[in-house]
Amino acid sequence: MAVIVWWLLTVVVVAFHMASAAVVESTWEVEYKYWWPDCKEGIVMAINGQFPGPTIDAVAGDTVIIHVVNKLSTEGVVIHWHGIRQKGTPWADGAAGVTQCPINPGETFTYKFIVDKAGTHFYHGHYGMQRSAGLYGMLIVRSPKERLIYDGEFNLLLSDWWHQSIHSQELALSSRPMRWIGEPQSLLINGRGQFNCSQAAYFNKGGEKDVCTFKENDQCAPQTLRVEPNRVYRLRIASTTALASLNLAVQGHQLVVVEADGNYVAPFTVNDIDIYSGETYSVLLKTNALPSNKYWISVGVRGREPKTPQALTVLNYVDATESRPSHPPPVTPIWNDTDRSKSFSKKIFAAKGYPKPPEKSHDQLILLNTQNLYDDYTKWSINNVSLSVPVTPYLGSIKYGLKSAYDLKSPAKKFTVDNYDIMKPPPNPNTTKGSGIYNFPFGIVVDVILQNANVLKGVISEIHPWHLHGHDFWVLGYGDGKFKPGIDEKTFNLKNPPLRNTVVLYPFGWTALRFITDNPGVWFFHCHIEPHLHMGMGVVFAEGVDRIGKMEIPDEALGCGLTRKWLMNRGRP
Ligand SMILES: [Cu+2]
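Bear in mind that the values here come from a model prediction, so they are computed numbers and not experimental data.

Asker: Explain the overall build of the protein here, please?
Answerer: What the protein contains, in helices and strands, is 6 helices and 34 strands. What you see for the protein is a C-alpha radius of gyration of 24 Å, in line with the 25 Å of a compact globule of 573 residues. Its C-alpha atoms give the protein principal-axis dimensions of about 85 × 65 × 55 Å. Across the 573 residues of the protein, 58% fall into the buried class. In the protein, once contacts between residues fewer than 6 apart in sequence are set aside, the share between residues at least 24 apart is 78%.

Quick look at the structure:
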């Protein structure tokens, strides 16, 4: 009898322990600070005095609670948890104007959400251009039963950096005529870069560049990755760039890609990886047997003519000195070799065991991406609507039925001019502004075809990495030219498409994705290039809105615009 009681107790204790996920809780003070991200003094958005912000390290199933204290003196702030699906907590998604009001200076807002699934993620500001100001950090969700086998890991958070302030950048982009902000001055690895000098300058025979003179403890000094021979390391790589598409290579080592956007992929081996803004990857790197070797890790620009030097750091083995490698760093593949980029994207398939997409979709959007003019302001539009995010967050206006808070009219489901020539500048450059909101009932399958086109002038089409909040979607395929409805669907990969939250739209081409509306809420879907979003390149998906009414949304998320008025009239403090 005693044995049975003891056995039962053990079972109960073990079951309780497995069910009791942990709470990861922190208070974060967001403020501007002087910093030297690329050895030149600038101003960054720091969290608790750190740049980049602290890494969140949680286990799948944990509850994350972050109290964000806005210590900025004159502007609001929000934080978006990029890659976290926010099931049941759409108000915690942190997209200003979509899911919440910006947190006022001096005030605190508490984000509370469950990280339901393991993966490599990051977080960032999602108000104005605060991501570009340096408001970002890594968000790692570990699996209690990790299927990958490795001996150690490193995080590499990649970003781009301008010397011009974000306030000046915002003004430039929204001026008439628009003033382009130009290419970034530096690329940063974990917030560290070197402006106007190169760690590898001693390979330049002409000496056109100075050797960097930073000291070991300087804020811009690169972090060396210290490794042991004959081991396997996991590199968790995330790109939070405002503009740049990147390529990362580790000299003398191949990379086995195993994870993309928090989902395992069928492993494949490459010499370097392309990574677009909003994407994350895990790669496995096997170290060789030479304990005193050292190698460059290089990050360079692709997709736009590079005017920004490579970011460099060093992979050092245990017995290697801190001096620099004796070979020049890897050369980044040429920026406009789009076929090379496409071939990388097309190597990515779901790992075994992932669910296949449903065979058919219930609804299809064909979203034409164009650069336009609105009253001579330069804009980006989707089906001729340039997004203007309302003051009252959609989530609140939908919950309380405040129909005057936004433009209820959805943009067209497909571009109305059937004979639109995507290879030429728009015949009529003028666009309209709107709320860009599409409504979907709960539980249907939606296909989105992103269609690229020529910009306003010249023969140019740009790269746009599109990111969907609140979901992973299946990437069904990519194509060149104009999507042919009824024909191109036949080329879709329904067997093993990868699940992702960000996907690239290549110049003059199309990209197809499929998702299920299984997450009631209001979800931003937008180009992750910060200036493009700022100029209207996004739409909003309202999903299962009849269920939003019953949802608990903290009043603190909605203290602005018409929801503030509504809450005040309801008589709450
Ligand atoms: Cu874009």
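Asker: Explain the state of the cysteines here, please?
Answerer: Put plainly, two cysteines are in a disulfide when a covalent bond ties their sulfur atoms together. A full pass over the atoms with the stated rule returns 3 disulfides. Paired through a disulfide, Cys39 and Cys220 show a sulfur-sulfur distance of 2.0 Å. Measuring the twist about the S-S bond at about 95°, one finds the Cys39-Cys220 disulfide to be right-handed. Remark: Cys220 occurs in the loop between strand E12 (210-211) and strand E13 (225-227) and Cys39 occurs in the loop between strand E1 (23-35) and strand E2 (42-47); sequence separation between them is 181 residues. At a sulfur-sulfur separation of 2.2 Å, the disulfide partner of Cys197 is Cys212. Residues Cys197 and Cys212 are joined through a disulfide that is right-handed, its torsion about the S-S bond being 100°. Here Cys197, found in strand E11 (residues 197-198), pairs with Cys212, found in the loop between E12 and E13; they are 15 residues apart in sequence, far enough to count as distant. Summarising the burial analysis for this pair, Cys197 and Cys212 share the class buried. Disulfide connectivity for the protein, with bonded cysteines indexed by sequence position, reads 1-5, 2-6, 3-4.

Asker: Could you clarify how one ought to interpret the pairing of strand E16 (residues 255-260) in this entry?
Answerer: Residues in a regular strand point their side chains to alternate faces of the sheet. In terms of residue burial, E16 counts as a mostly covered element, since 5 of its 6 residues are buried. Note that E16 and strand E17 (residues 263-270) share 5 bridges and pair antiparallel. Bridge pairing in E17 places Ala260 opposite Asn263. Where E16 folds back onto E17 in an antiparallel hairpin, the turn is made up of 2 residues, including Asp261, whose phi is positive at roughly 50°. Here 4 bridges tie E16 to strand E19 (residues 280-286), and the two strands are oriented antiparallel to one another. Paired with Val256 across the strands is Leu284, a residue of E19.

Asker: Any chance you could explain unusual backbone geometry here in plain terms?
Answerer: What is expected of a backbone is that most residues other than glycine have negative phi and most peptide bonds are trans. Cis geometry is found at the peptide bond from Phe51 to Pro52, where omega equals -15°. When you line up the elements, Pro52 lands in the loop between E2 and strand E3 (56-59). Cis geometry marks the peptide bond from Arg176 to Pro177; its omega dihedral reads -5°. Residue placement: Pro177 occurs in the loop between helix H2 (166-173) and strand E10 (186-189).

Asker: I'm lost on the coordination of the copper ion in this one. Help?
Answerer: Each pair of donors in an ideal octahedron of six around a metal sits at 90 or 180 degrees, and each pair in an ideal tetrahedron of four sits at 109.5 degrees. Looking at the copper ion, one finds its protein donor set to be His464 (ND1), Cys527 (SG) and His532 (ND1), positioned 2.0 to 2.1 Å from the metal centre. Mapped onto the sequence, the donors of the copper ion take the spacing H-x62-C-x4-H. Of this pair, His464 sits in strand E28 (residues 464-468) while Cys527 sits in strand E33 (residues 521-527), and the two are 63 residues apart along the sequence. With a relative accessible area of 0%, His464 lands in the buried category. Using a relative accessible area of 0% as the deciding quantity, one classes Cys527 as buried.

Asker: What is the right way to read the packing of aromatic side chains from this model?
Answerer: Aromatic rings considered in pairs are described by the distance between their centres and by the relative angle of their planes. The tally for this structure, following the rule as stated, stands at 27 aromatic pairs. An angle of 40° between the planes, with centres 5.2 Å apart, marks the rings of Trp81 and Phe113 as tilted. Of the two residues, Trp81 is situated in strand E5 (residues 79-82) and Phe113 in strand E6 (residues 108-114); the sequence distance between them amounts to 32 residues. Residues Trp81 and Phe113 agree in their burial class; the two are buried. Note on Phe109 and Tyr111: the rings are 4.9 Å apart at their centroids and 80° apart in plane angle, and the pair reads as edge-to-face. An identical accessibility class is assigned to Phe109 and Tyr111; each is buried. The rings of Trp28, Trp81, Trp91, Phe109, Tyr111, Phe113 and Tyr123 are connected pair by pair, giving a single aromatic cluster. It is Arg547 that lies over the ring of Phe442; its NZ or CZ is 3.7 Å from the centre.

Asker: In this structure, what is going on with the sheet that holds E1? I would like to understand it.
Answerer: Picture the strands of a sheet paired through backbone hydrogen bonds; they go either parallel or antiparallel. Taken in spatial order, the 4 strands of this open sheet run E2-E1-E4-E6, and their pairing is mixed. Of all the strands in the sheet, the pair left with one neighbour each is E2 and E6. This sheet shows a mean twist of 20° between the axes of neighbouring strands, independent of strand direction. The pairing of E1 with strand E4 (residues 63-70) spans 8 bridges and is parallel. By the bridge assignment, Val30 is partnered in E4 with Asn70.

Scoring rules and cut-offs
- Residues numbered from 1 in each chain as written.
- Predicted model: local features only at pLDDT ≥ 70, side-chain atom pairs only at ≥ 80, totals over all residues.
- Heavy atoms only, no water.
- Helix = DSSP H or I, 4+ residues; strand = E, 2+ residues; numbered from the N terminus.
- Rg over C-alpha atoms; globule rule 2.2 N^0.38 Å.
- Buried < 20%, exposed > 50% of the residue type's maximum accessible area, 1.4 Å probe, protein only.
- Contact = heavy atoms within 4.5 Å.
- Disulfide = S-S within 2.5 Å.
- Pairing = 2+ DSSP bridges.
- Donors = N, O, S within 2.8 Å, 3.2 Å for Na, K, Ca; no water.
- Phe/Tyr/Trp six-rings, centres within 6.5 Å; stacked < 30°, edge-to-face > 60°.
- Lys NZ or Arg CZ within 6 Å of the ring centre and 35° of its normal.
- Axes fitted to C-alpha atoms, helices over the stretch in contact; angles between N-to-C directions.

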